[in-house]
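A look at the structure
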Amino acid sequence: VNREWCDGKRYVYTLMAKDKTVKLDVGDTVGLGLNAWNSYDGSVAFNIRFLAFRLECLNGMVSNDVFHSFKFKHDKSSEGYDKEIAQAGTMFDRADTKMLDFAEQCNNLLRSVNTEHLRTIRSQMLPNLPTAIFGKIMDEFLMNGNQYDNTAWDFTNAATRVLWHNEKPTVTDYKHNQYVVDQMFNYAKLCSGQTANA
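Before going into details, it helps to say that this report is about the structure given with it.

Quick notes on the rules
- Residues numbered from 1 in each chain as written.
- Predicted model: local features only at pLDDT ≥ 70, side-chain atom pairs only at ≥ 80, totals over all residues.
- Heavy atoms only, no water.
- Core = buried A, V, L, I, M, F, W, Y, C linked by side-chain atoms within 4.5 Å.
- Buried < 20%, exposed > 50% of the residue type's maximum accessible area, 1.4 Å probe, protein only.
- Helix = DSSP H or I, 4+ residues; strand = E, 2+ residues; numbered from the N terminus.
- Expected span 1.5 Å × (residues − 1).
- Pairing = 2+ DSSP bridges.

**Regarding the nonpolar core**
- In terms of nonpolar packing, the biggest core is built from 46 residues, with F102, L126 and F155 touching the most fellow members.
- Sorting the residues of this core by element identifies β3 (29–39), β4 (47–54), α1 (81–93), α2 (95–107), α3 (115–125), α4 (131–143), α5 (152–164) and α6 (171–197) as the ones contributing at least two each.
- The dominant element in this core, judged by the number of residues it contributes, is α6, at 8 residues.
- Counting 11 residues, the second-largest nonpolar core is a separate cluster that includes F53, V62, V171 and Y174.

**Re α5**
- The first and last C-alpha atoms of α5 sit 18 Å apart over 13 residues, in line with the 18 Å expected at 1.5 Å per residue.
- Counting buried residues in α5 gives 11 out of 13 residues, a clear majority hidden from the surface.
- Buried within α5 are the following residues: A152, W153, D154, F155, T156, N157, A158, A159, T160, L163 and W164.

**Regarding α2**
- Here α2 spans 18 Å end to end across 13 residues, near enough to the 18 Å set by a 1.5 Å rise per residue.
- Every buried residue of α2 is accounted for by A95, M99, F102, A103, Q105, C106 and N107.

**So, the pairing of β3**
- With 10 bridges joining them, strand β2 (residues 10–23) and β3 adopt antiparallel strand pairing. Each bridged residue has a counterpart across the sheet, and for T14 the counterpart in β3 is N35.
- Relative to β4, β3 runs antiparallel, the two being bridged by 8 bridges. By the bridge assignment for β4, G33 is matched with L51.

Structure, rendered in structure tokens:
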């Protein structure tokens with residue numbers, strides 16, 4: 001799987017490692033992916049970051065809280081670039097562990113959600129998501145009953161489907177994707193804390 005995106009200023013190239021996959025408790029499988037970002041106008045420094053794919057639908061799932069990223073700081077002279085490449089390479093040594101961490105976070109989302117839970121998700125976890133985007137996610141979640149059940153995992157997948165498969169993706173789509181995934185992981189932690197304190 002690979003994906004290229006460019007808006008004339010910024011460029012993103014995405015790859016998936018076919019041999020780096022983890023099966024989730026729900027039966028889904030997620031695979032390790034890699035994003036490479038750069039820009040023609042200097043607005044984005046060259047950086048690489050890991051992400052995950054849900055293999056069933058190839059939704060990309062971005063998480064700054066779980067996966068490592070590395071931003072290259074070299075200047076036009078490229079002085080010290082070899083050292084930065086070596087530092088970036090250490091990310092790959094920890095990729096398997098991070099993928100298992102990500103799968104564990106996904107498994108924590110296998111909890112049912114009702115209207116009250118969705119209200120909490122919107123008001124406490126996703127308050128900064130634009131109303132139009134949240135509406136598209138809810139539409140995807142509610143109208144594709146054959147594809148989704150009523151779990152936080154399914155809601156997260158509805159969100160990443162909307163944000164990853166946009167015909168004309170933007171940098172904001174990537175940012176919203178990361179925001180939703182990380183906040184849904186936080187939601188699962190919140191629910192676990194409530195259960196523990198109950």
